[in-house]
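Below, each chain spelled out in residue letters.
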Amino acid sequence: MRGKKYVLSALAAILGAIPTFSAEAAAVADPARGWDKHFTLWLQVSAVIWVFVTVLLLYIIFKFKRKKPDQVGEYIEGNLMLEIMWTIIPAIIIIMLGAQSWALFNEFREVPAGAYEVNVEGFQYGYEIKYNEGIKTLNELVVPTGPVKVVLSSRDVIHNFSVPDYRVREDMVPGRTTYLWFNAVKQGEHKVWCAELCGPGHYLMTAKVIVKSKEDFAAWIAQHKTGAAAAPSADSGKTLVEGSGCIACHSLTGDTGAGPSLKGIFGRAVQFEDGTSATSDEAYIKQSITDPRVKVVKGFQPMMQPYTMTEAELGSVVEYLKTVK
Ligand code: CUA
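Keep in mind that this is a model prediction, so the values were computed, not measured.

### Re the packing of helix α5 (residues 234-243) against helix α7 (residues 311-323)
For the pair α5 and α7, interaxial distance at closest approach is 7 Å and the crossing angle is 95°. One finds that α5 runs roughly perpendicular with respect to α7. Side by side, α5 and α7 meet where Ala-234, Ser-236, Gly-237, Lys-238, Leu-240 and Val-241 of the first sit next to Glu-313, Ser-316, Val-317, Glu-319, Tyr-320 and Thr-323 of the second. Its residues placed into classes, the contact of α5 with α7 shows five nonpolar, four polar and three charged.

The structure is reproduced here in structure tokens:
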């Protein structure tokens, strides 16, 4: 039978391609390039199948159109060879794509030895970045060129750390750590998005990956270490308030959001849910950041999560809020 021979040789050709696919994926050793190849391959395979099905469908529609009103369609019992082929060929395509996906997945999970490791904690609404060198930044992940492993965690709800330029994303789950890695090939900046709806300020939850050369990175670390204990200032307070997502709930304009407006907050009289009242001073503002559920302003829900900030950072926020009138 000629058909049988044809099926067998097609099978051999497709099976022979599997090792090529997975070996190629493994040699890439860079998730970004791997994902791009993966996407292109799936697109190509889907396009070929789509064109094949559509052309065949159009052909059949015109070829077998009823020609006379009393014409009856032919009764077809079945076609064993056709049925075997349309079972085996799709199965082989799926196995091939599956093997390629598996190879890429493993590459994405296996961090190369010697990768620069850094911790990122997500919170509503920002990212606190902790470096093993003992410094912290807010919403700016500074890394040296080369492979980077990012260890992810969350302070409150599920976020998703996503760097589209590097084609990577991973959930940040409260109570556990997850990770991803990317290959920071070139110096420059890349956008970070939170890719999981995490509250009213979700859209504010962006950050930057800043890739520096190894020398510049070492210099940046050294400089940041000495600058860490800087005195509180309204300028850094502004950065903190804007970068921590505070304005998702607390407007600077006097409008009421999920929380009270910050406009004119310093020195104003506040009434609490429990019937007591106080003047909004330095101690009150600091407590409302680190322990926001102790004194809940009348008319609002105790929905804010505690924020972890150093004394200097708290001082900066207070200095800044004094200027918001
Ligand atoms: Cu965090 Cu969306």
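### Things to note about helix α2 (residues 31-63)
Over its 33 residues, α2 runs 47 Å from end to end, which matches the ideal 48 Å to within 8%, given 1.5 Å per residue. Buried within α2 are the following residues: Pro-31, Ala-32, Gly-34, His-38 and Leu-41.

### So, the nonpolar core
Counting residues in hydrophobic clusters, the biggest one holds 34 residues, and the most contacted among them are Val-120, Tyr-127, Tyr-131, Leu-141, Val-150, Phe-161 and Phe-182. Considering every element that reaches this core, the biggest residue donor is strand β10 (residues 206-212), with four residues. Here Phe-182 is in contact with Gly-146, Pro-147, Val-148, Val-150, Tyr-166, Val-168 and Val-209, once residues within four sequence places are set aside.

### Quick notes on the pattern of salt bridges
In the structure shown here, the tally under the stated rule is 11 salt bridges. Close ionic contact of Glu-128 with Lys-130 constitutes a salt bridge, the shortest N to O distance being 3.8 Å. A relative accessible area of 35% means that Lys-130 is categorised as partly exposed. Measuring nitrogen to oxygen at the nearest pair gives 3.2 Å for the salt bridge that ties Glu-282 to Lys-286. Of the two residues, Glu-282 and Lys-286 are both situated in helix α6 (residues 282-290); the distance of four residues between them amounts to about one turn of the helix. Among the residues examined, Lys-286 registers a relative accessible area of 17% and is labelled buried.

### Quick word on the confidence of the model for the protein chain
Overall, the prediction assigns the protein chain a mean pLDDT of 85, with 90% of residues at 70 or greater. Scored below 50 in pLDDT, residues 15-28 makes 15 contacts in the model with residues more than four places away or belonging to other chains.

### Structural notes on a positive patch on the surface
Together, Lys-63, Lys-65, Arg-66 and Lys-67 line one region of the surface with positive charge. With respect to the helices and strands, the residue Lys-63 is situated in helix α2.

### So, the side chain of Gln-124
You can see Gln-124 is positioned in the loop between β1 (116-123) and β2 (126-131). A distance of 2.9 Å separates a polar atom in the side chain of Gln-124 from the backbone oxygen of Cys-198. Contacts of Gln-124, omitting those with residues within four sequence positions, involve Asp-156, Val-157, His-159, Cys-198, Gly-199, Ser-244, Gln-305 and Tyr-307.

### Topic: the sheet that holds strand β8 (residues 178-184)
Strand order in the open sheet formed by five strands is β3-β2-β1-β5-β8, and the pairing between neighbours is mixed. For this open sheet the edge positions go to β3 (136-138) and β8, each flanked by a neighbour on one side alone. Taken pair by pair, the neighbouring strands of this sheet meet at an average axis angle of 25°, ignoring direction. Here six bridges tie β1 to β2, and the two strands are oriented antiparallel to one another. The partner of Phe-123 across the bridge, within β2, is Gly-126.

### A word on the sheet that holds strand β7 (residues 168-172)
Spatial ordering of the open sheet is given by β4-β10-β9-β6-β7, a layout of five strands whose pairing is mixed. In this open sheet, the two edge strands, each paired with only one partner strand, are β4 (140-144) and β7. Direction aside, the axes of adjacent strands within the sheet are offset by 20° on average. Relative to β10, β4 runs parallel, the two sharing five bridges.

Conventions used here
- Every residue gets a number counted from 1 within its own chain, in the order that chain's sequence is written.
- At least 70 in pLDDT is required for a residue's local features to be given in this predicted model, at least 80 for side-chain atom pairs to be given and counted, and no such filter applies to totals for whole chains, interfaces and linings, which use all residues.
- By convention in this description, side-chain values take in all heavy atoms of the structure and omit both hydrogens and water.
- All axes here are fitted lines through C-alpha atoms, helices being fitted over the stretch that makes contact, and every angle between N-to-C directions spans 0 to 180 degrees.
- Numbering goes from the N terminus for both helices and strands, where a helix is a DSSP run of H or I of at least four residues and a strand is a run of E of at least two.
- Our angle categories are set so that under 35 degrees counts as roughly parallel, over 145 as roughly antiparallel, 65 to 115 as roughly perpendicular, and the remainder as oblique.
- Contacts: residue pairs with any heavy atoms within 4.5 Å of one another.
- Residues are grouped as follows: nonpolar covers Ala, Val, Leu, Ile, Met, Phe, Trp, Tyr, Cys and Pro; charged covers Asp, Glu, Lys and Arg; every other residue, Gly included, is treated as polar.
- The span expected for a helix works out to 1.5 Å for each residue beyond the first.
- The cut-offs for exposure are 20% and 50% of the maximum accessible area for each residue type, with area from a 1.4 Å probe on protein chains only; residues under the lower value are buried, those over the upper are exposed, and the others partly exposed.
- We call a set of buried residues a nonpolar core when its members are Ala, Val, Leu, Ile, Met, Phe, Trp, Tyr or Cys and they connect through side-chain atoms within 4.5 Å of each other.
- Each reported salt bridge corresponds to a side-chain nitrogen of Lys or Arg within 4 Å of a carboxyl oxygen of Asp or Glu.
- The predictor attaches a confidence to each residue, called pLDDT, with possible values from 0 through 100.
- Patch membership requires over 30% relative accessible area and the absence of a salt bridge. Like charges are linked within 9 Å, and nonpolar side chains (Val, Leu, Ile, Met, Phe, Trp, Tyr) within 5 Å.
- Values of accessible area rely on a 1.4 Å probe in the Shrake-Rupley scheme; residue burial ignores everything except the protein chains shown.
- In this tally, Asp and Glu contribute negative charge and Lys and Arg positive charge; neither His nor the terminal groups of the chain are included.
- To locate a charge, take atom NZ for lysine, CZ for arginine, CG for aspartate or CD for glutamate.
- Polar contacts here mean pairs of N or O atoms no more than 3.5 Å apart (in protein, one a potential hydrogen donor and the other a potential acceptor; neighbouring residues in sequence count only if both atoms are side-chain atoms).
- We call two strands paired when DSSP finds no fewer than two bridges between them.

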